[in-house]
Amino acid sequence: MNATATAAPTERALLQTLDMLSESQQRAIRRIAPHDAATVPTIEARRPVSTFTGEDFFQLEQQRLFRKQAVPITVSARIADPGSAVAHDGYGIPLLVTRDKNGVSHVFLNACTHKGAKLIDGCDVAKGNRLTCPYHAWTFSTDGKLIGAARPETFANLDKSSRGLAELPSREAGGIIWAMLDRHAAPDFSGVDDQLAADFDAFELPGLHVYGHKQFHLDANWKLVLEPFLEGYHVQRLHASTVGPLFADVPNVVDTLGLNIRQISGKMNFTPDCLDIPGENIHASVTHAYNVFPNCVVVTSPYYISVMFLMPTAVDKTTVDYFMLTRRPPDNPKGAELYRKSYEMIVSVFGGEDFYAAQLSHAGLATGAIDDVVYSGLEATIPLYNEILDRVLAN
Ligand SMILES: [Fe+2]
């Protein structure tokens, strides 16, 4: 990993740029063609509408994608401090994500081992290493051990060591936490990829700060919510009055990292020598957009990173956990104002434009008006994603 650019000290101090890149990211950036030399491929690709609206296909995905292999759960930054814990209900299964006193993350079923009550309700992060059930005050530590029960002398033969929280197999890498939602299935972490983690480590994703978190409840299949983050075709159309003019209407440089996809694109102001310009913040001229398979999106901006988890709760319902991550909390008025405006803008672009379009699309597809959707050369990453998806679904 190299520092690609050194911003002027005052700008770095004020705006906290994210300017580190992995060797692999730098090689990909050097493959971006100048805009006037970029050619868009012509492709023929279709996808049956039933993959978005069909209950059978949805059930197949639930079994093969969301239960047989580990899925992305949340960002490490959500539980930054040792001894912290947060409830996570997005997948429709009450989960508890914790970081124990030693800094190790865990994913548990959010159920007290006395009578099953959720230990934490709501979305606040609990701190202090102790999780006390609101019902009968059984208390657990963030590593899942039962450390106290009220009036223990009234239970005959209560073995506290056998009543720890039910833990799901989980793994943390590159600032993302994955877990097996079915704790009885054979653990499969094949989506966790070394290069993906190295790229995210280069962004220093594991140590970033949650500036903003918003949950969206959408009336759309989760893949319709995902697709805008796999193509640039819509950017100058859907986002014409917001961020569209910042982006060029050209293909991305695309790499697969295991099951995951990395797309790198030059913005309107991109020049091929951008890695060599002293003081340049590379994220001002290049956008990185990742699909963390199957349902997480990571997108870079000059001063923050967006991470989204698109969690299907029904064939036509998706819960999105959106996180805006910055290097630190703002520590000066200029930074505070920039972050505030950025958060407002990104939430309105993703929520009011991309997610809105996904809902429009789902509503139209559900009418049965068309049998398949068609993709252009500016959407070529979607058929690539579908190949990966179909490969996993076939196993
Ligand atoms: Fe978009």
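For the record of the protein, the UniProt heading Cofactor (unreviewed entry) holds the text "Fe cation".

## Observations regarding the overall build of the protein
Within the protein, the secondary structure is distributed over nine helices and 21 strands. At 22 Å, the protein has a C-alpha radius of gyration in line with the 21 Å of a compact globule built from 395 residues. Across its three principal axes, the protein shows a C-alpha extent of roughly 80 × 55 × 35 Å. Taken over 395 residues, the protein has a buried fraction of 53%. Taking all contacts inside the protein whose residues are at least 6 apart in sequence as the whole, residues at least 24 apart take part in 65%. For the protein, the accessible area works out to roughly 16800 Å², and carbon and sulfur atoms hold 53% of it. Both charge centroids of the protein, one from 34 positive and one from 45 negative side chains, sit 7 Å from each other.

## Considerations on the sheet that holds strand E5 (residues 84-88)
Ordered in space as E5-E6-E7-E11, the four strands form an open sheet in which the pairing is antiparallel. Each edge of the open sheet is held by one strand with a lone partner, namely E5 and strand E11 (167-168). Both strand E7 (residues 105-109) and E11 contribute to a ladder of two bridges, which runs antiparallel. The residue bridging phenylalanine 108 from the neighbouring strand is glutamate 167, located in E11.

## What to know about the packing of aromatic side chains
Tallied over the entire structure, the rule returns 15 aromatic pairs. Ring centres of tyrosine 211 and tyrosine 343 lie 6.0 Å apart, and the angle between their planes is 75°; on these two criteria the pair is classed as edge-to-face. One end of the pair, tyrosine 211, is in strand E14 (residues 209-218); the other, tyrosine 343, is in helix H8 (residues 333-365), with 132 residues separating them in the sequence. What makes tyrosine 211 partly exposed here is its relative accessible area of 26%. The rings of Tyr211, Phe216, Phe229, Tyr322, Tyr339, Tyr343, Phe350 and Phe355 are connected pair by pair, giving a single aromatic cluster. Across the ring face of phenylalanine 216, the terminal group of lysine 214 is positioned such that the distance to the ring centre comes to 5.4 Å.

## Overview of the pairing of strand E16 (residues 260-266)
Of all seven residues making up E16, seven are buried, and the element is well covered by its neighbours. Taking every second residue as pointing to the same face, both faces of E16 are buried, with Asn260, Arg262, Ile264 and Gly266 on one and Ile261, Gln263 and Ser265 on the other. Here strand E15 (residues 253-257) pairs with E16 via five bridges, running antiparallel. Looking across to E16, one finds that leucine 257 is bridged to asparagine 260. Between E15 and E16, which pair antiparallel and follow one another directly, the connecting turn spans two residues, one of which, glycine 258, has a positive phi of 65°. Relative to strand E17 (residues 286-292), E16 runs antiparallel, the two sharing six bridges. By the bridge assignment for E17, isoleucine 261 is matched with asparagine 291.

Reading the values: the criteria
- Residues numbered from 1 in each chain as written.
- Predicted model: local features only at pLDDT ≥ 70, side-chain atom pairs only at ≥ 80, totals over all residues.
- Heavy atoms only, no water.
- UniProt positions renumbered as here; feature names shortened; annotations may be inferred.
- Helix = DSSP H or I, 4+ residues; strand = E, 2+ residues; numbered from the N terminus.
- Rg over C-alpha atoms; globule rule 2.2 N^0.38 Å.
- Buried < 20%, exposed > 50% of the residue type's maximum accessible area, 1.4 Å probe, protein only.
- Contact = heavy atoms within 4.5 Å.
- Areas by Shrake-Rupley, 256 points an atom, 1.4 Å probe, with all protein chains shown as cover.
- Lys, Arg positive; Asp, Glu negative; His and termini not counted.
- Charge placed at Lys NZ, Arg CZ, Asp CG, Glu CD.
- Pairing = 2+ DSSP bridges.
- Phe/Tyr/Trp six-rings, centres within 6.5 Å; stacked < 30°, edge-to-face > 60°.
- Lys NZ or Arg CZ within 6 Å of the ring centre and 35° of its normal.

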